[in-house]
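# Examination of the molecular architecture
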Amino acid sequence: MPLRDTLTQVDADLAAGRVPVARQRLRGLVSSFPNDLMLRRRLAEVYRLYGDPAEAGRWMYLEQDRDAAETSAFEARYHTAPRRMRALAWQGPESLARTTFAREQLTAVRAACSDVMGHPVDWDTVPSGEKADRRKSAFANFLAGAGCLVAVLAFLAIWVNGLIALFD
């Protein structure tokens, strides 16, 4: 379906109160046209209807007239540069942005991500962020392993106790 027709459907969905359907249509459009700031703005408006300031801030992040509270909510939810870079879902160089503000924001996020990753990154190869999250992940894996070990030891202790009681 062409862009104009899909936007007409979005307007009809919103008028009929079908906000989830409108959101899905807009998400599809943003993934098809990731560099269209107007679509991002429309998606942010729908997330405001949901009362989700972090997602509204996500999609308005490249706009100069963005709401500071929404921007803070977005930055809190996506607290590392790699996560922000993935969340923004931009494709291509910053020069594709139509506004100076958007180009500056994209450049700042990419530079911060490059610093965290320890090597240059670009928008077409968004890093997974594993290096930034490795410490938290390693600790969570340690706790999971320790919990499994305790469960296995408890099972063995009960089994050995039952075996000894069987022969007494």
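Just above, that's the structure.
For clarity, every value in this text was computed on a predicted model and none was experimentally measured.

## Some words on the packing of aromatic side chains
- Overall, the coordinates contain three aromatic pairs when judged by the stated rule.
- Look at F74 and Y78: their rings are 5.3 Å apart centre to centre, the planes differ by 45 degrees, and that puts the pair in the tilted class.
- A relative accessible area of 0% places F74 in the buried class.
- The cationic tip of R66 hangs over the ring face of Y61; the distance from NZ or CZ to the ring centre is 4.8 Å.

## Overview of the pattern of salt bridges
- If you walk through the whole model with that rule in mind, you get 11 salt bridges.
- The partner of R98 in a salt bridge is D36, and the shortest N-O contact between them spans 3.6 Å. Of this pair, R98 sits in the loop between α6 (81-88) and α7 (100-117) while D36 is found in the loop between α2 (19-32) and α3 (37-50), placing the two residues 62 residues apart along the sequence.
- The class of D36 is buried, set by a relative accessible area of 12%.
- For R110, the salt bridge goes to E94, with nearest N and O atoms at 2.4 Å. Of this pair, R110 sits in helix α7 while E94 sits in the loop between α6 and α7, and the two are 16 residues apart along the sequence.
- Given a relative accessible area of 23%, R110 falls into the partly exposed group.
- For E94, a relative accessible area of 11% gives the class buried.
- A cluster of three or more residues bridged by salt bridges with shared partners is formed by D52, E55, R58 and R77.

## Things to note about the nonpolar core
- Counting 18 residues, the largest nonpolar core has L62, W90 and W123 as the members making the most contacts within it.
- Looking at this core, the elements with two or more residues in it are α6 and α7.
- Membership of the second largest hydrophobic core comes to 15 residues, among which are V19, L26, L39 and W59.

## A closer look at the packing of helix α1 (residues 3-15) against α2
- Two elements in contact, α1 and α2, have axes separated by 8 Å at closest approach and are oriented at 160 degrees. Regarding the angle of α1 to α2, the classification is roughly antiparallel. As α1 packs across α2, the resulting crossing turns out to be left-handed. Each of L3, T6, L7, Q9, V10, D13 and L14 in α1 lies in contact with α2, whose residues at this interface are V19, V21, A22, R25, L26 and L29.

## Examining a nonpolar patch on the surface
- On the surface, a cluster of nonpolar side chains totalling about 1200 Å² of accessible area is made up of L149, V152, L153, F155, L156, W159, V160, L163, I164, L166 and F167.
- Along the chain, W159 turns up in helix α8 (residues 130-167).

The rules behind each value
Residues numbered from 1 in each chain as written. Predicted model: local features only at pLDDT ≥ 70, side-chain atom pairs only at ≥ 80, totals over all residues. Heavy atoms only, no water. Phe/Tyr/Trp six-rings, centres within 6.5 Å; stacked < 30°, edge-to-face > 60°. Buried < 20%, exposed > 50% of the residue type's maximum accessible area, 1.4 Å probe, protein only. Lys NZ or Arg CZ within 6 Å of the ring centre and 35° of its normal. Salt bridge = Lys/Arg side-chain N within 4 Å of Asp/Glu carboxyl O. Helix = DSSP H or I, 4+ residues; strand = E, 2+ residues; numbered from the N terminus. Core = buried A, V, L, I, M, F, W, Y, C linked by side-chain atoms within 4.5 Å. Axes fitted to C-alpha atoms, helices over the stretch in contact; angles between N-to-C directions. Parallel < 35°, antiparallel > 145°, perpendicular 65-115°, else oblique. Left-handed = near helix turned anticlockwise from the far one by under 90°. Contact = heavy atoms within 4.5 Å. Patch = residues over 30% accessible without salt bridge, like charges linked within 9 Å, V, L, I, M, F, W, Y side chains within 5 Å. Areas by Shrake-Rupley, 256 points an atom, 1.4 Å probe, with all protein chains shown as cover.

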